[in-house]
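Architecture at a glance
Each chain, written out:
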Amino acid sequence: MKFSLYSRTFHFLLLLMWLFIAIGLRLTNLTAKPPWTDEFSTLVFSLGNSFLPVPLDRAIAPDILLQPLQPQASATINDVWTHLSTESNHPPLYFMLAHWWMRLFPTEGGLVSLWGARSLAAVFGALSIPAIYALSWLTFRSRLIAHIAAAIMAVSPYGIFLAQEARHYTLAILWVIASLACLVITTRHIQNRTQLPISIVLSWVVINALGIATHYFFSLTLCTEAFVLIFLARLQWREGGRGKGGKGDKEDKGDKEDKGEFAFLSSPASPASPAPPASPASPAPPSPPLPRSPWWRIYAVAAGTFVAGVVWLPVFLQNSYGDKLTDWIQAPRVGFAWISPLFQAFAAWVTMQFLLPVESPQLWIVLVSGLVMLIYFIWLLPILFRGLKIQLKQPETHLMTQVFVAVVVSAIALFFIFTYFLGIDLTRGARYNFVYFPAVIVLLGASFAVSWHPQVGKARSSGKKAVAIIWLMGFFSAVTVLSNLGYQKYYRPDLFVQLIQKTSQVPVLIATTQRTHVHIGEMMGVAREFKIQNLTSPTPLFLLAHQDQNPNTSSDALEKTLKELPRPLDLWLVNFYAPQPEEVKKCAADTQSLPAVNGYEYKLYHCR
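Rules used in this analysis
Residues numbered from 1 in each chain as written. Predicted model: local features only at pLDDT ≥ 70, side-chain atom pairs only at ≥ 80, totals over all residues. Heavy atoms only, no water. Helix = DSSP H or I, 4+ residues; strand = E, 2+ residues; numbered from the N terminus. Buried < 20%, exposed > 50% of the residue type's maximum accessible area, 1.4 Å probe, protein only. Contact = heavy atoms within 4.5 Å. Areas by Shrake-Rupley, 256 points an atom, 1.4 Å probe, with all protein chains shown as cover. Pairing = 2+ DSSP bridges. Core = buried A, V, L, I, M, F, W, Y, C linked by side-chain atoms within 4.5 Å. Axes fitted to C-alpha atoms, helices over the stretch in contact; angles between N-to-C directions. pLDDT = per-residue confidence, 0-100. Polar contact = N/O pair within 3.5 Å; in protein donor to acceptor, adjacent residues only side chain to side chain. Left-handed = near helix turned anticlockwise from the far one by under 90°. Nonpolar A, V, L, I, M, F, W, Y, C, P; charged D, E, K, R; others polar. Phe/Tyr/Trp six-rings, centres within 6.5 Å; stacked < 30°, edge-to-face > 60°. Salt bridge = Lys/Arg side-chain N within 4 Å of Asp/Glu carboxyl O.

Quick word on the overall build of the chain
- When its secondary structure is counted, the chain shows 24 helices and 6 strands.
- Here the chain holds 608 residues, and 52% of them are scored as buried.
- If you take every contact in the chain between residues at least 6 apart in sequence, the share linking residues at least 24 apart comes to 79%.
- Counting every atom, the chain has about 28,500 Å² of accessible surface; 66% of that belongs to carbon and sulfur.

Focus on the pairing of strand β3 (residues 540-546)
- Summarising burial for β3: 5 of the 7 residues are buried, a large majority.
- Looking at chain direction, strand β1 (residues 59-60) and β3 are connected through 2 bridges and run antiparallel. Bridge assignment links Ala59 to a residue of β3, and that residue is Leu543.
- Relative to β3, strand β2 (residues 508-514) runs parallel, the two being bridged by 7 bridges. Of the residues in β3, the one forming a bridge with Thr512 is Leu544.

Some points on the nonpolar core
- In this structure, Leu135, Tyr158, Phe404, Phe434, Tyr436 and Phe448 are the most contacted members of the largest nonpolar core, which totals 113 residues.
- The dominant element in this core, judged by the number of residues it contributes, is helix α9 (residues 169-192), at 14 residues.
- Aside from chain neighbours lying at most four places away, what touches Tyr158 is Thr351, Met352, Ala430, Arg431, Tyr432, Asn433, Phe434, Phe437 and Tyr487.
- Within the second largest apolar cluster, 42 residues are counted, among which are Ile60, Leu69, Val112 and Ala166.

Re the sheet that holds β3
- Sheet architecture is open: 6 strands sit in the order β1-β3-β2-β4-β6-β5, paired in mixed fashion. At either end of the open sheet lies a strand with only one pairing partner, and these are β1 and β5 (588-589).
- Seen against the sheet, helix α21 (residues 493-503) touches β2, β4 (569-574) and β6 (602-607) and runs at an angle of roughly 155° to β4.
- Sheet strands in contact with helix α23 (residues 552-564) are β1, β2, β3 and β4, and its direction is about 150° off that of β3.

A look at the confidence of the model for the chain
- In this model, the chain carries a mean pLDDT of 88, and residues with pLDDT of at least 70 account for 86%.
- Confidence drops under pLDDT 50 across residues 1-5; counting only partners more than four residues distant or on other chains, this segment forms 0 contacts.
- With pLDDT under 50 throughout, residues 286-290 is counted as low confidence; its partners more than four residues away or in other chains account for 0 contacts.

Regarding the side chain of Ser360
- With respect to the helices and strands, Ser360 occurs in the loop between α16 (340-350) and α17 (363-393).
- Within the structure, the side chain of Ser360 is placed 3.2 Å from the backbone nitrogen of Gln362, a separation counted as a polar contact.
- With residues near it in sequence (within four places) discarded, Ser360 still touches Ile365, Val366 and Leu485.

Quick notes on unusual backbone geometry
- Cis rather than trans, the peptide bond between Arg567 and Pro568 has omega equal to 5°.
- By the element assignment, Pro568 lies in the loop between α23 and β4.
- Phi angles above zero are rare outside glycine, and Asn575 is one such case at about 50°.
- With respect to the helices, strands and loops of the structure, Asn575 is situated in the loop between β4 and α24 (582-585).

Quick word on the packing of α21 against helix α22 (residues 517-532)
- Closest axis-to-axis distance for the α21/α22 pair is 9 Å, and the angle between their directions is 65°. As for how α21 packs across α22, the hand of that crossing is right-handed. From α21, Pro493, Asp494, Phe496, Val497 and Ile500 reach across to α22, where they touch Gly525, Val526, Glu529 and Phe530.
- For the contact of α21 with α22, a count of residues per class yields 6 nonpolar, 1 polar and 2 charged.

Points about the side chain of Thr139
- Looking at the element boundaries, Thr139 is found in helix α6 (residues 114-140).
- Overall, the relative accessible area of 1% leaves Thr139 in the buried class.
- A polar atom in the side chain of Thr139 sits 2.7 Å from the backbone oxygen of Leu135.
- Once you skip the residues sitting within four places of it in the chain, Thr139 turns out to touch Val184, Arg188, Met400 and Phe404.

What about the pairing of β6?
- Buried residues dominate β6, accounting for 5 of its 6 residues.
- When β4 meets β6, the two strands line up antiparallel, connected through 6 bridges. The residue bridging Val574 from the neighbouring strand is Tyr602, located in β6.
- Pairing geometry for β5 and β6, over 2 bridges, is antiparallel. Considered in β6, the bridge of Ala588 is made with His606.

Quick notes on the packing of aromatic side chains
- Following the criterion strictly, the structure yields 31 aromatic pairs and no others.
- On the numbers, 6.4 Å between centres and 20° between planes, the contact of Trp36 with Tyr491 is stacked. You can see Trp36 sitting in the loop between α1 (2-27) and α2 (37-46) and its partner Tyr491 sitting in the loop between α20 (460-482) and α21, a full 455 residues away along the chain.
- Classification of Trp36 by relative accessible area gives buried; the value is 5%.
- Seen in terms of ring centroids, Tyr376 and Trp379 are 5.6 Å apart; in terms of plane orientation they differ by 40°. Their pairing is tilted. Taken as a pair, Tyr376 and Trp379 lie in helix α17 at a separation of 3 residues, close to a single helical turn.
- The buried category is assigned to Tyr376, whose relative accessible area is 7%.

Concerning the pattern of salt bridges
- This structure, assessed with the given rule, holds 14 salt bridges.
- Between Arg167 and Asp38 there is a salt bridge whose closest N-O contact spans 4.0 Å. Separated by 129 residues along the polypeptide, Arg167 in the loop between α8 (157-163) and α9 and Asp38 in helix α2 bring together distant segments of the chain.
- For Arg567, the salt bridge goes to Glu583, with nearest N and O atoms at 3.2 Å. With a gap of 16 residues between them, Arg567 in the loop between α23 and β4 and Glu583 in helix α24 connect regions that are remote in the sequence.
- Here Arg567 falls in the partly exposed class, since its relative accessible area comes to 32%.
- Given the relative accessible area of 9%, Glu583 is considered buried.
- Among the ionic contacts, a cluster of salt bridges with common partners joins Glu39, Arg118, Glu165 and Lys489.

Right, dumping it as structure tokens:
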């Protein structure tokens, strides 16, 4: 009794330690990196504001450009939904939660608090640690596997990358974990041929509905679960066919082998279990009641989830911004682009567990980091596959290991189908891997637990050291992300503003072509840096030259603006994808060798 109480207390405290480590890592340097365009979308729409009032085709001051980042006391949830549904292509759940959450934090110079916005994602990211612990324990009934999975999740560089952005992915991960938990429970009922409780049916439908309302790509998780259920149904159908004298009876030898393979689908009362011979003198025992199939209620879950997803279809289809906002993953594939998805996908898989400073500005650090990662990967791979192989052989873990392997493999297959057959390169966005990230962590926990478990005999000590090395590698990888030496931001407006300060000594016009609010966000990042650093020299103005089909419209807007502005003037064309007008050609192109800046492709002209 005392040992049981001590054990429960120990496990609780250990889980609490993983949770504290996760929170500490996710809140460290939370605002050290500037927000990028997707985060500006979260900030603006969550406030109940819109990008549409930002003036186009004329020079504007930074304060005018930043007005959508100013909280409005009169904004409501209805405003959040109205602007989100007409200007973006995301469902509203996270944005509504962020609307309430961000009100708890004071403004920063009149602008919404970046720490407040990002902390919501960080909190959801930290909650994934007890959630993955619960899922792992539910799946394998092993506290060792649950603790290893929680520890890996706590320091996962990929998990920390998602948790330090003001985006909805960490909330979506919680729904993925919850939905997978329902899948695990359902798998056990299929295995035992018992009825699925109504509470699980309703919970699963609600969880799936909330997942879709958080991110449409949650539907990919549902597809992987559907594949698993079809796989289980097929195995059970084959097992039932043999029990009725199906084609499995044609060869006795093959039938015996298959019974061993699919034995986990046979309940104690199923025909697969041999009955003791009846005595001629005794009456035949009553037939056991037929097991109650869970499949009708599984169909009910599928129907409820389908309805929960279809209600968003009209909103998604009528959104005119959808195609423009997803152009970047639908670019035509030529040359190296045909194989780049393989490298992009592999990079996302690896960084779920480890990542060293391969994006450091120092070349020698990049080379050493790459070499260490390669050596570590070669060392890790046999440990990972050995652990999974043993878990697949164990009767207690065979089925659940198969289920999670099927989830991961089917998700990866879906990504490549979208990429190579539908022309939508999902591998370009590492963040989209959230749809199967929890399943990967559960499998890692199950695999590495084999090395830790006492049954490994003489290798027990070295196995525990291996698991400790794996966790430490994850911790150093987390520090890499926190230091912005891995999973760097796509946009670095802070560096671009520093460059402008060093280069321009006269008033500045920063001009860009604008098609969607993404391009407004690019300039908001620059304007925000000028404001938070309280920079007044050089005096910046911004031009958002709107562009639809004809790029000359942007050129005309720039031509008109330049004629109206006094000289001297430094013109910075940033991500300006249009012909240069005659007025620009009157200015002198800068001949200095200036550094590249992430997210900002620029040209500098001196207009005197």
